[in-house]
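Secondary and tertiary structure notes
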Amino acid sequence: MVKRAGVSVVIPNLNMGRFLPDALASIFRQAEPVHEILLVDAGSEDDSLDIMAGLAARHAQVRLLHSDQRNPSAVRNRGIEAATGDVIAFLDADDLWPADKLSRQLARLRGAPPVSVVSGFVQYFDRLDPEALAPAADSRTETLFHVHLGAAVFRRAVFDEIGLFDASLLYSEDVDLLLRIREADIPMTILRARTLYYRRHDASLMARTTPAKERDFKRVIAGSLMRRRRKGAGPLPPFETLIEPEA
């Protein structure tokens, strides 16, 4: 596969068609253009396929893909494998990017000291201003650093080095990926800026209360500790130690 300079955005989708136009609109308003947007559907039963086909017909950068598996890890892996850009970014179908996300993060990715992963802060919200594509004035919001794939951008070489997502995980695949990145001493930084708007709603996978969520998180943490012990290394410092100081 021919790789090109540019950002490939991977968007997994399962029955979130009603949110997809907002997600894509938040990408197209970026000052930095993207190379391609890979919409990967995992067998949706709503009107997602029609919505995706309409988006692809209107935007040349949009590519439609399908996954035989519904596990978010496997769906994202399908997108990464098809991506042709040298930078990989993620956005869940129900979330949005702040307007300055890519300009901030790509500037840091190209800057010094060199890094391969640039993340940022997440603003959680429950009501959207459809004109501003941002949390509404009356939305309940909270802004903090948390591990969310949509808040980060990755050099493609990161996945070439450490591999793809663990497709056996239903939850915490993002934590697992970032822990493996840090264990491999791949340089990463966290900007003091909002780089993701995370929509809270009842249909979200993360809104579900299930033993699998705690089980997968514990498995990910135990796996990281075991790998570190085999190397004779101690636990990793918290992610918050990677947050860049105030300018």
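Up top you'll find the structure we're talking about.
Residues numbered from 1 in each chain as written. Predicted model: local features only at pLDDT ≥ 70, side-chain atom pairs only at ≥ 80, totals over all residues. Heavy atoms only, no water.

1. Quick word on the overall build of the chain
Stated precisely, the cut-off is as follows: Numbering of helices and strands runs from the N terminus, with a helix taken as a DSSP run of H or I at least four residues long and a strand as a DSSP run of E at least two residues long. Computation of the radius of gyration draws on C-alpha atoms alone. For the globule rule, the value is 2.2 Å times the number of residues to the power 0.38. The cut-offs for exposure are 20% and 50% of the maximum accessible area for each residue type, with area from a 1.4 Å probe on protein chains only; residues under the lower value are buried, those over the upper are exposed, and the others partly exposed. Contact definition: two residues touch when any of their heavy atoms are within 4.5 Å. Calculation of accessible area relied on Shrake-Rupley with a 1.4 Å probe; when residues are assessed, cover is drawn exclusively from the protein chains displayed. His residues and chain termini do not enter the charge count, which takes Lys and Arg as positive and Asp and Glu as negative. All charge positions are set by atom: Lys at NZ, Arg at CZ, Asp at CG, Glu at CD.
Per the secondary structure count, the chain includes seven helices and 10 strands. Computed over C-alpha atoms, the radius of gyration of the chain comes to 17 Å, within 12% of the 18 Å expected from 2.2 N^0.38 for 247 residues, which places it in the range of a compact globule. By principal-axis analysis of the C-alpha atoms, the chain measures approximately 55 × 45 × 40 Å. The proportion of buried residues among the 247 residues of the chain is 52%. Within the chain, contacts between residues at least 6 apart in sequence are counted, and of these 79% link residues at least 24 apart. Per element, the accessible surface of the chain, about 11,600 Å² overall, is 52% carbon and sulfur. Charged side chains in the chain number 33 positive and 34 negative. The centres of these two groups are separated by 5 Å.

2. Focus: the layout of surface pockets
Defined as follows: Here the term cavity refers to a set of points on a 1 Å grid, laid over the protein atoms alone, in which a 1.4 Å probe fits but cannot get out; the term pocket refers to an open set having protein on both sides within 12 Å along at least five of seven lines, with lining residues being those that place an atom within 4 Å of a point. Grid points are joined across faces, edges and corners, and a volume is the space filled by probe spheres set on the points. Classification used: nonpolar for Ala, Val, Leu, Ile, Met, Phe, Trp, Tyr, Cys and Pro, charged for Asp, Glu, Lys and Arg, polar for all others including Gly.
Its boundaries defined by the atoms lining it, the second largest pocket holds a volume of some 170 Å³. What lines the second largest pocket is Gly6, Val7, Glu32, Pro33, Asp86, Val87, Leu106, Leu109, Arg110 and Arg155. Listed by contribution, the elements that provide at least two residues to the lining of the second largest pocket are strand E1 (4-13), strand E4 (85-90) and helix H4 (101-109). Tallied by class, the residues present in the lining of the second largest pocket amount to five nonpolar, one polar and four charged.

3. Description of the packing of aromatic side chains
For clarity, the threshold we go by: By convention, a stacked pair of Phe, Tyr or Trp rings (six-membered ring in the case of Trp) has centres within 6.5 Å and planes under 30 degrees apart, an edge-to-face pair has planes over 60 apart, and any other such pair is tilted. For a ring to carry a charge above it, either NZ of a lysine or CZ of an arginine must fall within 6 Å of the ring centroid while also lying within 35 degrees of the normal to the ring plane.
Applying the stated criterion across every chain yields a total of seven aromatic pairs. Look at Phe90 and Phe154: their rings are 5.8 Å apart centre to centre, the planes differ by 75°, and that puts the pair in the edge-to-face class. With Phe90 in strand E4 and Phe154 in strand E9 (residues 153-155), the pair connects residues that are 64 residues apart, well separated along the chain. For the pair formed by Phe90 and Phe154, the shared burial category is buried. Note on Phe159 and Phe165: the rings are 6.3 Å apart at their centroids and 50° apart in plane angle, and the pair reads as tilted. Neither Phe159 nor Phe165 differs from the other in exposure class; each is buried. Among the aromatic residues, ring-to-ring pairing joins Phe90, Phe154, Phe159 and Phe165 into one connected group. Seen from the ring of Phe239, Arg182 lies directly overhead, with NZ or CZ sitting 4.9 Å from the centre.

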